[in-house]
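# Structural overview for review
Chain residues, written in single-letter form:
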Amino acid sequence: MERQTPSKKEFWAYFSQDDDFFMGLSDIAFRTCFHAKIHHNLEIQVNHALNTGKAFYPKRLALMHHWMELWDKKGLSHDLPEYRFAEQMFKMAYAFEDEGVRTDLSQFATQRLTAEEQQRYDKVLYSLRDVYTFTDVPVDDSDLDTIVDAALWAANGGNLQPLRFMIIHEAACPGLFPESTAKNAPVHLVICYDTEGRHALSAMSGRTNVPEDSMLNHRNSPLDVGSALTNIRLAAAACGLSFSRQTMTPALSARLLKQFDLSERVHPMAYVELGYSDEIGLALPKTAVRDSVLAVI
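Because the structure is predicted, anything quoted here is derived from the model rather than measured.

### So, the packing of helix 7 (residues 141-152) against helix 10 (residues 220-238)
Two numbers describe how helix 7 lies on helix 10: the axes approach to 8 Å, and their chain directions differ by 145°. Helix 10 is crossed by helix 7, and the crossing has right-handed handedness. For the pair helix 7 and helix 10, contact is made by Thr146, Ile147, Ala150 and Ala151 and by Ala228, Asn231, Ile232, Ala235 and Ala236, respectively. For the contact of helix 7 with helix 10, the residue count by class is seven nonpolar, two polar and no charged.

### A few points about the environment of His188
You can see His188 is positioned in strand 2 (residues 187-194). Residue His188 is classed as buried on the basis of its relative accessible area of 3%. Remark: the alpha-carbon pair of His188 and Ala86, spanning 102 residues in sequence, is separated by 34 Å. Discounting chain neighbours no more than four positions away, the residues touching His188 are Met166, Ile167, Ile168, Glu170, Phe177, Val272 and Glu273.

### Description of the nonpolar core
With 34 residues, the main nonpolar core has Phe22, Leu25, Phe30, Phe34, Leu42, Val46 and Trp67 as its most contacted residues. Sorting the residues of this core by element identifies helix 2 (19-23), helix 3 (27-52), helix 4 (60-74), helix 5 (81-99) and helix 8 (196-204) as the ones contributing at least two each. The greatest single-element share of this core, amounting to 10 residues, is contributed by helix 3. Counting residues in each nonpolar core, the second largest holds 25 residues, with Val139, Phe165, Ala235 and Cys239 among its members.

### Examining the environment of His40
Mapped onto the elements, His40 comes out in helix 3. With a relative accessible area of 37%, His40 lands in the partly exposed category. Separated by 13 residues in sequence, His40 and Asp27 have C-alpha atoms that sit 20 Å apart. Filtering out sequence-adjacent residues up to four positions away, His40 remains in contact with Gln45 and Gly158.

### Concerning helix 5
Taking 1.5 Å of rise per residue, the 19 residues of helix 5 would be expected to cover 27 Å, and the 27 Å separating its terminal C-alpha atoms lies within 8% of that figure. The inward-facing, buried residues of helix 5 abut helix 3 and helix 4. In the segment just after helix 5, Gly100 is the residue with positive phi, at about 70°.

### Regarding the packing of aromatic side chains
Two measures describe an aromatic ring pair: the distance that separates the ring centres and the angle between the ring planes. Under the defined criterion, the tally for this structure stands at 11 aromatic pairs. Among the aromatic residues, ring-to-ring pairing joins Phe21, Phe22, Phe30, Phe34, Trp67, Trp71 and Tyr83 into one connected group.

### Considerations on a negative patch on the surface
Taken together, the side chains of Asp140, Asp141, Asp145 and Asp149 make up a negatively charged region of the molecular surface. With respect to the helices, strands and loops of the structure, Asp149 is situated in helix 7. For Asp149, a relative accessible area of 41% translates into the label partly exposed.

### Quick look at the packing of helix 3 against helix 5
Running from N to C, helix 3 and helix 5 point in directions that differ by 30°, and their axes come no closer than 10 Å. Considering their axes alone, helix 3 and helix 5 lie roughly parallel with respect to each other. Where helix 3 crosses over helix 5, the two elements pack in a sense that is left-handed. Note on element contacts: helix 5 touches helix 3 through Glu82, Tyr83, Phe85, Ala86, Met89, Phe90, Met92, Ala93 and Phe96, opposite Arg31, Phe34, His35, Ile38, Leu42, Glu43, Val46, Asn47, Ala49 and Leu50.

Rules behind the numbers
- Per chain, the residues get numbers from 1 upward, laid out in the order the sequence is written.
- Thresholds applied to this predicted model are a pLDDT of at least 70 for local features of residues and 80 or more for the giving and counting of side-chain atom pairs; totals over whole chains, interfaces and linings are not thresholded and use all residues.
- To obtain the side-chain values, all non-hydrogen atoms of the structure were included, while hydrogens and water were left out.
- Here, axes are lines fitted to C-alpha atoms. For helices the fit covers the stretch in contact, and angles between N-to-C directions go from 0 to 180 degrees.
- Helix numbering and strand numbering both begin at the N terminus, where a helix is a DSSP run of H or I of at least 4 residues and a strand a DSSP run of E of at least 2.
- Crossing handedness is defined as follows: a turn of the near helix away from the far one that is anticlockwise and smaller than a right angle gives a left-handed crossing, while the clockwise case is right-handed.
- The contact criterion used throughout is that any non-hydrogen atoms of two residues lie within 4.5 Å.
- Put simply, Ala, Val, Leu, Ile, Met, Phe, Trp, Tyr, Cys and Pro go in the nonpolar bin, Asp, Glu, Lys and Arg in the charged bin, and everything else, Gly too, in the polar bin.
- Exposed residues in this analysis have more than 50% of their type's maximum accessible area, buried residues have under 20%, and partly exposed residues fall in between, with area computed by a 1.4 Å probe over protein chains only.
- We define the nonpolar core as a collection of buried residues of types Ala, Val, Leu, Ile, Met, Phe, Trp, Tyr and Cys that are connected through side-chain atoms lying within 4.5 Å of one another.
- The span one expects for a helix is its residue count, reduced by one, times 1.5 Å.
- Each Phe, Tyr or Trp ring (for Trp, its six-membered ring) is paired with any other whose centre lies within 6.5 Å, and the angle between the two planes then decides the class: stacked below 30 degrees, edge-to-face above 60, tilted in between.
- Within the patch definition used here, like charges are joined within 9 Å and nonpolar side chains (Val, Leu, Ile, Met, Phe, Trp, Tyr) within 5 Å, considering only residues with over 30% relative accessible area and no salt bridge.
- Computed by Shrake-Rupley with a 1.4 Å probe, the accessible areas treat only the displayed protein chains as cover when residues are assessed.
- Salt-bridge detection follows one rule: a side-chain nitrogen of Lys or Arg within 4 Å of a carboxyl oxygen of Asp or Glu.
- Charge assignment: positive for Lys and Arg, negative for Asp and Glu; neither His nor the chain ends contribute.
- To locate a charge, take NZ of a lysine, CZ of an arginine, CG of an aspartate or CD of a glutamate.
- We call two directions roughly parallel when the angle between them is under 35 degrees, roughly antiparallel when it is over 145, roughly perpendicular when it lies between 65 and 115, and oblique otherwise.

As structure tokens, this is what we get:
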């Protein structure tokens, strides 16, 4: 099948900016735009076509292919996960468009857990509780990598992937977290929100000079952080580690910004204490479902 190739004018009209704009972005900002557009204009479209058998929107694949060309012009690695994912999407898309082959996606279908899996899931979910004391047993770096990776897989609005993390060992920065209500925590995991990519997306749409507070208080920001916290808590439990969620105070945020010379667009939003604990206790009971649901229609 002959490819439909959009003109530069069509590409610029579709994305409200020309190639020079994208080439002038930092790597972080460009990759954020790439994340968002690959999600909305490729992943969703390809999955819809493969699930329904309906054709793609005209020139949609070609428009997104130009993003791949810009990626190369930026000199970014083809080994980065979003580029590899885009290549996989294009491979499935062209197989469908050119040959009518619909990639079998059944392995990704949602399935009910087995009884054994449900038992393990319930054990983790319903026994979680914050602890307030930690032992001096060190935390393995591989476990910390596992926990941060789980946080990165949390849902985030528009696939912007705006969260950044700071893994701070107490031994390396003693006394940096005096506000913590947990004692002797060996590791402090800080979740930060990076607005640089969101600024680039706004500029791409023709909106410039958007106040930083507006970016930080975007409706997706607390949802992104909350989703990451949930995954962190579950991953910590899977690694046999205990967890204590803490409040990010303005004073602590300012202290972290100064200590690590963070960009003005990186905002510490939350932090958790991680480590091993001898503390054992029952998880606090929660309100019954019938007392919490406001409406069922």
